[in-house]
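Residue-level structural notes
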Amino acid sequence: MAQHIAAVEMQSLSMQWEKFPVLNRLNLTMRLGERLAIVGPSGSGKSTILRLLAGLLLPTSGELQLFGEKQDFLRLDQINPPDVRLVFQNPALLGSLTVEENVGFLLQRGGKVDQEIVHRKVMAALEEVGLYDVSNKLPGQLSGGMQKRVSFARALINEPYKEKSAMPLLLYDEPTAGLDPVACTRIEDLIVKTTKLACGCSIVVSHVLSTIERTAERVLMLYGGRFQWGGTIQEFKESKNPFVKQFRTGSLQGPMQPADH
Ligand code: ADP
Ligand code: MG
């Protein structure tokens, strides 16, 4: 694959619900291997962007290319779809299946995969996220942070029948919401580790400053359907841009109105 191909190329991408515009002609180029954070108030459309990237939603207008090919929205029968792995805001684990079964779930689909290979892949992924010892437990027996780590293990597993798994796009929607600071740190380390292990690139959506600062190289600020600001993580920490300053300090004074939250 030529090096100049972008992981994500978004051109004038718009999304509206009924008549209500959420995303307004967004442009974004993301290079292979890049780690990006998207921040913005609740309801600004961050999860919508991730769902568009994952091909779960059809945009109202605009172009989206992943790894140099047009994203073929909602085509579940696509022969060789781009490798996009969405780690949901809530881990969405199946309560009646064990941790091992949850992680191996997608691999089991169709039943044509060797059980020993599935077991080995799953246990290796669980080892990476520090959950090797709880593979036989049910999700309900784990803490919130551990449940999130299960969903990370699931994202680590590549589906053997996919050819394009060399450079996946990993999407994390509020991965540390509601976790204590230590559990946050653990998840933040895992995001970077998972992304590197998978040799992929990542987009993290988060309100948590430590998560943004520890997982991303570049930050985009979404507000009013547009990217209002973009810069490196260092620029994000120092920026005097009123949107960025207000987001960082949580101030009621600034361009983002509390009524929008
Ligand atoms: P964020 O993740 O930034 O909090 P979302 O992307 O979830 O924001 O939502 C953006 C806007 O789109 C919100 O106003 C939300 O109410 C609206 N929205 C999201 N999903 C739907 C849907 N399925 N039907 C109608 N409106 C929706
Ligand atoms: Mg959201």
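Structural data are supplied above this passage.
Throughout, residues of each chain are indexed from 1 in the direction in which the sequence is written. Numbering of ligands from 1 and lettering of chains from A proceed in the order in which they are written. Restriction of local features to residues with pLDDT of at least 70 applies here, the model being predicted, together with a cutoff of 80 or more for giving and counting side-chain atom pairs; totals for whole chains, interfaces and linings are based on all residues. Side-chain metrics rest on all non-hydrogen atoms present in the structure, leaving aside hydrogens and water.

As for the sheet that holds strand β7 (residues 169-173)
Backbone hydrogen bonds hold the strands of a sheet together, and the pairing may be parallel or antiparallel. Stated precisely, the cut-off is as follows: For two strands to be treated as a pair, DSSP must find at least two bridges joining them. To qualify as a helix, a DSSP run of H or I must reach at least 4 residues; to qualify as a strand, a run of E must reach at least 2; elements of each kind are numbered from the N terminus. Note on geometry: axes are C-alpha line fits, over the in-contact stretch for helices, and angles between N-to-C directions span 0 to 180 degrees. In what follows, a contact means two residues having at least one pair of non-hydrogen atoms within 4.5 Å.
Ordered in space as β6-β7-β8-β3-β9-β10, the six strands form an open sheet in which the pairing is mixed. In this open sheet, the two edge strands, each paired with only one partner strand, are β6 (84-87) and β10 (226-232). Averaged over all adjacent pairs, the angle separating strand axes in this sheet is 20°, with direction ignored. Two strands pair when backbone bridges link them, and strand β9 (residues 218-223) and β10 are joined in this way by six bridges, in the antiparallel orientation. What sits directly across from M221, in β10, is W229. Across the sheet, helix α5 (residues 181-197) is in contact with β3 (35-39), β7 and β8 (201-205); its angle to β7 comes to roughly 160°.

Notes on a nonpolar patch on the surface
Heads up, the condition is: Like-charged residues within 9 Å of one another, or nonpolar side chains (Val, Leu, Ile, Met, Phe, Trp, Tyr) within 5 Å, are grouped into patches, provided each residue has over 30% relative accessible area and no salt bridge. The method behind every accessible area is Shrake-Rupley, applied with a 1.4 Å probe, and residues are considered shielded solely by the protein chains displayed. The working definition used for a salt bridge is a side-chain nitrogen of Lys or Arg within 4 Å of a carboxyl oxygen of Asp or Glu.
Side chains of L94, F105 and L106 sit close together on the surface and give an oily, nonpolar patch of about 240 Å² of accessible area. Within the secondary structure, L94 is located in the loop between β6 and α2 (99-108).

Considerations on α5
The criterion, for reference: Expected helix span is computed as 1.5 Å times (number of residues minus one). Think of it in three bands: residues with accessible area under 20% of the maximum for their type are buried, residues over 50% are exposed, and the middle band is partly exposed, with areas taken using a 1.4 Å probe on protein chains only. Whenever a nitrogen or oxygen atom comes within 3.5 Å of another N or O atom, the pair is scored as a polar contact, on the condition that within protein one atom can donate a hydrogen and the other can accept it, and that pairs from neighbouring residues in sequence are kept only if both atoms are in side chains.
Helix length check: α5 (17 residues) gives 24 Å between terminal C-alpha atoms against 24 Å at 1.5 Å per residue, within 8%. Of all the residues in α5, the buried ones are A183, C184, I187, E188, L190, I191, V192, T194 and T195. On its buried face, α5 is in contact with β3, α3 (115-128), α4 (144-156), β7, β8 and α6 (209-215). A distance of 3.0 Å separates the backbone nitrogen of V182 from a side-chain oxygen at the start of α5, and that oxygen is part of D180. Two residues or fewer past α5, C199 is found with a positive phi of approximately 55°.

Looking at the side chain of S239
As for its position among the elements, S239 is in the loop between α7 (233-238) and α8 (242-249). Under the relative-accessibility criterion, S239 is labelled buried at 11%. Here N241 takes part through its backbone nitrogen, which lies 2.9 Å from a polar atom of the side chain of S239.

What to know about unusual backbone geometry
Even without a glycine there, the phi angle at R25 is positive, about 45°. Summarising the element assignment, R25 is placed in strand β2 (residues 20-30). Here the phi dihedral of E174 falls at roughly 45°; this positive angle occurs in a residue that is not glycine. Among the secondary structure elements, E174 is positioned in the loop between β7 and α5. On the basis of relative accessible area, E174 is assigned to the buried category, the value being 14%.

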